[in-house]
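Secondary and tertiary structure notes
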Amino acid sequence: MSRKEAVTEFFGDLRQHLMTGISYMIPVIIIYALFMVLSQAPGPQQALMADLSMYAQMMIVPIMTVFIAFSIAGKLAIAPGFVVALMADQMGMGFLGGLIVALLVGYSIKLVVTLANKTGGGMAIDLVVAFLVVPVVITLALGALVYFVLAAPISSMMESLTAWLNSMSGTNAIVLAAILGAMIAFDMGGPVNKTAFAFAVGAYAEGLYAVSTPVLVAISIPTIAVAIAPFLAPKKYSEAEKGAGKTAIVMGMIGLTEGAIPFAAVDPFRVIPSIMVGSAVGAAMTALFGVASTVMIPSLIGLSGVNKPLLYLLAHAIGVVVTVVLLNLLKKEIPEEDEE
Amino acid sequence: MKIIAVTSCPIGMAHTYMAGAALKKAAKRKKIEIRVETQGSMGIRDKITKKEIEEADVFIDAADVAMLEPKRFKEVLTYKTTTSKIIKKSDKVLEEAMALVEQEA
């Protein structure tokens, strides 16, 4: 294969690598959040709840790193990825540090393995790579890189970023929330949506609930809206859409933005702007009201972790209403003969 | 035409199964055989057998996250896509996978 093809193949599908890390990281976050909430209740079990939450928190970034590195380079990347990421996270490098370590560990190991395979392989080479080069050389090299070079700048970057996001006064926080909300609705589960979601997960891992919660609200709004809209303007929706609306109600309750896809597919220029505005508004309201969720779970099932449940629901409601109004305002009636 | 597919989304809950169901429905509409394996939070379900891999004309790789046991499918003509694309346009995805088979023939 050509040089260019070889390079592309080496780096692989970066998005898939990152998504793998996030995918495995989410259950750890759920455990952390759940026990964080439970540890608020006094009683003999409180110390246990607090401990479980604490240990889960320590594992969030390492698990993400491990699975990104695993996606890139396979099994060999797990041990060094875990150890170096744990150290990096504890040194304050956080989510960003975990990401950097994952890419460094993953690609350096992939390089070593690729070179080793080129020499023809054989038991001796395999043993040297697996039990010497990777655990000792790579862990030491990357560990030292993190410890002596990257820790200081990255951890201070994380500190500033966290402080900045935390201190985001009224208007800025609302604008950020609105932008993230619009991104979530833009492609309903596609790359832009996933980027905003990953950003929210990252913020959540750093305890920035003010940033992650608006995104959580934005997720359900499009689906709930497309479920309700056909009932208010039946002439503007086809039978298929009305049917899709019924499944959408359930999907909206569990926070699946994809429920809106059938509607966007048939009428993108009216539907997509409507849901983007609605999600942006809902997210902005969430920020305005100061709603924060300690569990990274959207919609109704996430209600348990919310500090202001009524305002949380209100933000949803406002977003849905805005979306429905826009949808029904913009959409045209379907003529009797043909269905759009 | 025999198609095999693996779906796997980041959260491992809804889209994995939704994409699987969408593929099956689209295959039914086109009257072609399909075997879908889902890899969600609950692990591998409806695992594709070795025989099914051997008999397959094309493999639809809809793993948004790193696939479990990917080496099984190395020898099969692969059409790479995402669970989102399938949920949006399952018919188109199937058609493109089928077109890939025609090209190779």
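Residue indices begin from 1 for each chain and proceed along its sequence in written order. The order in which chains are written sets their letters, starting at A; the order in which ligands are written sets their numbers, starting at 1. Where totals are concerned, whole chains, interfaces and linings use all residues; where local detail is concerned, this predicted model gives features only for residues with pLDDT of at least 70, and gives and counts side-chain atom pairs only at 80 or more.

1. Some details on the overall build of chain A
Elements are defined by DSSP. Helices are runs of H or I of four residues or more, strands are runs of E of two residues or more, and each kind is numbered from the N terminus. Broken down by element type, chain A carries 12 helices and zero strands. Overall, chain A shows an N-to-C arrangement of helices and strands of α-α-α-α-α-α-α-α-α-α-α-α. Partly exposed residues are those whose C-beta has more than 12 but fewer than 20 other C-beta atoms within 10 Å; with 20 or more the residue is buried, with 12 or fewer it is exposed, and the C-beta atoms are placed from the backbone. In chain A, buried positions account for 47% of the 340 residues. Working definition of a contact: two residues with C-beta atoms, positioned from the backbone, lying within 7 Å. When contacts within chain A are restricted to residue pairs at least 6 apart in sequence, those whose partners lie at least 24 apart make up 74%.

2. A few points about the interface of chain A and chain B
Between chain A and chain B, the contact holds 14 residues from the first and 12 residues from the second. Of all the elements in the fold, those that place two or more residues in the side of chain A that touches chain B are α2 (14–38), α3 (46–73) and α10 (261–266) of chain A. Considering each element in turn, the side of chain A that touches chain B owes the most residues, six residues, to α2 of chain A. Only Asp, Glu, Lys and Arg are considered charged in this grouping, and only Ala, Val, Leu, Ile, Met, Phe, Trp, Tyr, Cys and Pro are considered nonpolar; every other residue, Gly among them, is considered polar. Here the residues of the side of chain A that touches chain B are counted per class, giving seven nonpolar, six polar and one charged.

3. Quick word on the confidence of the model for chain A
The predicted model of chain A has a mean per-residue pLDDT of 86, with 98% of residues at 70 or higher. Looking over chain A, one finds the lowest element-wise mean pLDDT in helix α9 (residues 239–254) of chain A, namely 78, and the highest in α3 of chain A, namely 92. The predictor rates its confidence in each residue with pLDDT, a number between 0 and 100.

4. Here's the deal with the environment of Ala116 of chain A
Residue and element names in this part refer to chain A. You can see Ala116 is positioned in helix α4 (residues 78–118). Judged by the 17 C-beta atoms lying within 10 Å of it, Ala116 is partly exposed. Between the alpha carbons of Ala116 and Val128 there is a distance of 9.6 Å; along the sequence they are 12 residues apart. The contact partners of Ala116, leaving out residues within four places of it in the chain, are Gly121, Ile125 and Val129.

5. Quick notes on the domain arrangement of chain A
Residues and elements named next belong to chain A. According to the domain assignment, chain A contains domain 1 (3–157) and domain 2 (168–330). Domain 1 and domain 2 are separated by 32 Å when their C-alpha centres are compared. Breaking the side of domain 1 that touches domain 2 down by element, the ones donating at least two residues are α2, α3 and α4. Examining the composition of the side of domain 1 that touches domain 2, we find that eight residues originate from one element, α2, more than from any other. Among the residues making up the side of domain 1 that touches domain 2, the classes are represented as 11 nonpolar, one polar and no charged. The split of the chain into domains comes from an automatic or database domain assignment.

6. So, the pairing of strand β4 (residues 58–63) of chain B
Residues and elements named next belong to chain B. Most of β4 sits inside the fold, with six of its six residues counted as buried. A two-sided burial pattern is seen for β4, the buried positions comprising Val58, Ile60 and Ala62 on one face and Phe59, Asp61 and Ala63 on the other. One bridge is not enough; two strands pair if DSSP finds at least two bridges between them. As judged from the six bridges shared by strand β1 (residues 2–8) and β4, these two strands associate in the parallel manner. For Ile3, the partnering residue across the bridge sits in β4 and is Val58. Bridge analysis of β4 against strand β5 (residues 78–80) gives three bridges, and the strand direction is parallel. Within the sheet, the bridge partner assigned to Phe59 lies in β5 and is Thr78.

7. What to know about helix α1 (residues 3–11) of chain A
Little of α1 of chain A is tucked away, with zero of its nine residues classed as buried. One or two positions beyond α1 of chain A, positive phi appears at Gly12 of chain A, with a value near 65 degrees.

8. Concerning the sheet that holds strand β3 (residues 43–45) of chain B
All names here are of chain B. Spatially, the five strands line up as an open sheet ordered β3-β2-β1-β4-β5, and their pairing is mixed. The open sheet has two edge strands with one neighbour each: β3 and β5. Direction aside, the axes of adjacent strands within the sheet are offset by 20 degrees on average. Of the strand pairs in this sheet, strand β2 (residues 33–40) and β3 are connected by three bridges, and their pairing is antiparallel. Opposite Gln39, over in β3, you have Ile44 as the bridge partner. Axes, fitted as lines to C-alpha atoms, cover a helix only where it is in contact. Angles between the N-to-C directions of the axes lie from 0 to 180 degrees. Each of β1, β2 and β4 is contacted by helix α1 (residues 14–30), which is oriented at about 180 degrees to β2, the strand it contacts most. Docked against the sheet, helix α4 (residues 90–104) engages β1, β4 and β5, running at close to 140 degrees with respect to β4.

9. Remarks on the packing of helix α8 (residues 209–232) of chain A against α9 of chain A
Residues and elements named next belong to chain A. Taken N-terminus to C-terminus, the directions of α8 and α9 make an angle of 140 degrees; their axes are 8 Å apart at the nearest point. Here α8 is positioned oblique relative to α9, judged by the angle of their axes. Between α8 and α9 the crossing geometry is left-handed. For the pair α8 and α9, the contacting residues are Ser220, Thr223, Ile224, Val226, Ala227 and Pro230 in the first and Glu241, Lys242, Gly245, Ala248, Ile249, Met251 and Gly252 in the second. Here roughly perpendicular refers to angles of 65 to 115 degrees, roughly parallel to angles under 35, roughly antiparallel to angles over 145, and oblique to all remaining angles. If you view the pair so one helix is near and one far, a crossing is left-handed when the near helix is turned anticlockwise from the far one by less than a right angle, and right-handed when it is turned clockwise.

10. Examining the pairing of β2 of chain B
Residues and elements named next belong to chain B. Of all eight residues in β2, six are buried; the element is thus mostly enclosed. In the sheet, β1 pairs with β2 via six bridges, with the strands oriented parallel. The residue bridging Ala5 from the neighbouring strand is Val36, located in β2. We call a crossover right-handed when, viewed with the strands running away from us, the connection from the first strand over the helix to the second turns clockwise. The parallel pair β1 and β2, bridged by α1, forms a crossover whose chirality is right-handed.

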